[in-house]
Amino acid sequence: YAEDLGSIYSEMAVFGEATYEISERWDVTLGARLFNYEDDVDGEVTDYLGFTSGERISTIKGTGESIYKINSSFDITDNVMAYATLSQGFRRGGANAFKEEGGNTPTEQIQYYQPDTVDNYEIGVKGSLLDGRLFMHADVYQMDWNNTQTYWDQTVGGYLPINGTTNGPDSRTQGVELMAKLRLTDSVSLLYETTTTDAKWAETQEICTYAGAADNDCYTYEKGGELGGSAEWRHNFGATYDTVMSNGIGVYASLNGRYFGATPADRADKEGDGVYVRDS
């Protein structure tokens, strides 16, 4: 069995941003990206045992696409800034290697997955305190995904899994991020970071591998169900020591650690497909 998934992707874009100073302490930045794209996907699958083979060619095209950004920042003091950001992102689509099974042909929706987009909202504050010895950053964020790309698999011959991607329902990720870095002395620094993430499906949607088949291999992504790939809590911490000795030789030492909570494996969003949870 062999597969060759290739594509020729081309894109033309106009983009830029501008910052306007409302006052000495208050700035507003506006940005935009306008673009067209075309993705010529060529998927060739050859089964040397003779069950299936063939070439699939498709074009994924987008015209008049646009994403935007707006940011506002305000200097509370000379060393502390508050900010708010709304930004958008875009992720290209692609093709899978799914094939005919038992006389059933995978749908176009499964063979090719479309681009998805995200709206990101973030409010935070960051800056230096204690004469610059303490740097802190705190924010809350929310990311609304549209046409979310997610994991999908097809089982061939009753045992062989073929992994790929499909477009699931919209989803939402939200959480809090905190970071603090303290220089205790000229040589000793401490660092602590933590993030909490709540990632769930925002809608309910059924996806099927085959159309009109007796066994069309369907799965329903339920609203409120967990979106894989993110731990509820993550912690990073570290201590460093750096100095220059009297003979000019530099000395550096560090101690670092991190903890990730129970995490559904990346893109494993289908319940019952196996054990995906791990701690580290």
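Keep in mind that this is a model prediction, so the values were computed, not measured.

1. Some remarks on the overall build of the chain
Each helix and strand in the chain was counted, giving one helix and 18 strands. Relative to the compact-globule value of 19 Å for 280 residues, the chain shows a C-alpha radius of gyration of 25 Å, a clear excess of over 25%. The C-alpha extent of the chain, read off along each of the three principal axes, is 75 × 45 × 40 Å. In the chain, which comprises 280 residues, the proportion classed as buried is 35%. When the 20 basic and 45 acidic side-chain charges of the chain are each reduced to a single mean position, those positions are 6 Å apart.

2. Structural notes on the nonpolar core
Of all hydrophobic cores here, the largest spans twelve residues; its members are Ala97, Phe98, Ile110, Trp152, Val156, Ile162, Ala199, Trp201, Ile207, Tyr219, Tyr221 and Leu227. Residue contacts for Val156: discarding those within four places in its chain leaves Lys99, Glu101 and Ile162. Counting residues in each nonpolar core, the second largest holds seven residues, with Phe35, Tyr37, Ile60 and Ile67 among its members.

3. Some details on a negative patch on the surface
A cluster of like negative charges, contributed by Glu3, Asp4, Asp42 and Glu44, occupies part of the molecular surface. With respect to the secondary-structure elements, Glu44 resides in strand β2 (residues 26-46). A relative accessible area of 37% places Glu44 in the partly exposed class.

4. Comments concerning the side chain of Thr29
Examined against the element boundaries, Thr29 turns out to sit in strand β2. Residue class for Thr29 comes out buried when judged on its relative accessible area of 10%. A distance of 2.8 Å separates the side chain of Thr29 from the side chain of Thr19, its partner in a polar contact. Ignoring sequence-local partners within four residues, the contact set of Thr29 consists of Glu17, Ala18, Thr19, Lys69, Ile70 and Asn71.

5. Quick notes on the pattern of salt bridges
Per the counting criterion, the structure on display carries eight salt bridges. With a shortest N-O distance of 3.3 Å, Arg25 and Asp78 are connected by a salt bridge. Here Arg25, found in the loop between β1 (2-21) and β2, pairs with Asp78, found in the loop between β3 (53-75) and β4 (80-91); they are 53 residues apart in sequence, far enough to count as distant. Overall, Arg25 belongs to the partly exposed group, its relative accessible area being 33%. The class for Asp78 is exposed, based on a relative accessible area of 69%. Of the charged contacts in the structure, one is a salt bridge between Asp116 and Arg91, with a shortest N-O distance of 2.6 Å. In this pair, Asp116 is assigned in strand β7 (residues 116-129) and Arg91 in strand β4, connecting sequence segments 25 residues apart. For Asp116, a relative accessible area of 1% gives the class buried. When its relative accessible area of 35% is taken as the criterion, Arg91 is described as partly exposed.

6. Quick notes on the pairing of strand β10 (residues 160-167)
Pairing of strand β9 (residues 149-156) with β10 involves eight bridges; the strand directions are antiparallel. What sits directly across from Gln154, in β10, is Ile162. Between β9 and β10, which follow one another and run antiparallel, lie three residues, and Gly157 among them has a positive phi close to 70°.

7. Re the confidence of the model for the chain
For the chain, mean pLDDT is 86; residues scoring 70 or higher make up 91% of the total. Note on residues 274-280: pLDDT is under 50 here. Beyond four places in sequence and across chains, it has 19 contacts.

8. Description of the packing of aromatic side chains
Across all of its chains, the model carries six aromatic pairs by this definition. Here the aromatic rings of Tyr9 and Tyr37 are separated by 6.3 Å at their centres, their planes lie at 20°, and the arrangement is stacked. Of this pair, Tyr9 sits in strand β1 while Tyr37 sits in strand β2, placing them 28 residues apart in sequence. Classification of Tyr9 as partly exposed rests on a relative accessible area of 27%. With relative accessibility at 8%, the residue Tyr37 sits in the buried group. Both rings, one in Phe35 and one in Phe90, keep their centres 5.0 Å apart while their planes meet at 65°; by these two values the pair is edge-to-face. Residue Phe35 is located in strand β2, and its partner Phe90 is located in strand β4; the two are separated by 55 residues in the primary sequence.

9. Considering the environment of Leu134
Within the element layout of this structure, Leu134 appears in strand β8 (residues 134-146). Residue classification places Leu134 among the buried positions, given a relative accessible area of 15%. Remark: the alpha-carbon pair of Leu134 and Thr155, spanning 21 residues in sequence, is separated by 54 Å.

10. Notes on a nonpolar patch on the surface
Residues Tyr20, Ile22, Trp26, Phe74, Ile76 and Val125 make up a contiguous nonpolar surface patch of roughly 580 Å² in combined accessible area. Here Trp26 is to be found in strand β2.

Calculation rules
- Residues numbered from 1 in each chain as written.
- Predicted model: local features only at pLDDT ≥ 70, side-chain atom pairs only at ≥ 80, totals over all residues.
- Heavy atoms only, no water.
- Helix = DSSP H or I, 4+ residues; strand = E, 2+ residues; numbered from the N terminus.
- Rg over C-alpha atoms; globule rule 2.2 N^0.38 Å.
- Buried < 20%, exposed > 50% of the residue type's maximum accessible area, 1.4 Å probe, protein only.
- Lys, Arg positive; Asp, Glu negative; His and termini not counted.
- Charge placed at Lys NZ, Arg CZ, Asp CG, Glu CD.
- Core = buried A, V, L, I, M, F, W, Y, C linked by side-chain atoms within 4.5 Å.
- Contact = heavy atoms within 4.5 Å.
- Patch = residues over 30% accessible without salt bridge, like charges linked within 9 Å, V, L, I, M, F, W, Y side chains within 5 Å.
- Areas by Shrake-Rupley, 256 points an atom, 1.4 Å probe, with all protein chains shown as cover.
- Salt bridge = Lys/Arg side-chain N within 4 Å of Asp/Glu carboxyl O.
- Polar contact = N/O pair within 3.5 Å; in protein donor to acceptor, adjacent residues only side chain to side chain.
- Pairing = 2+ DSSP bridges.
- pLDDT = per-residue confidence, 0-100.
- Phe/Tyr/Trp six-rings, centres within 6.5 Å; stacked < 30°, edge-to-face > 60°.

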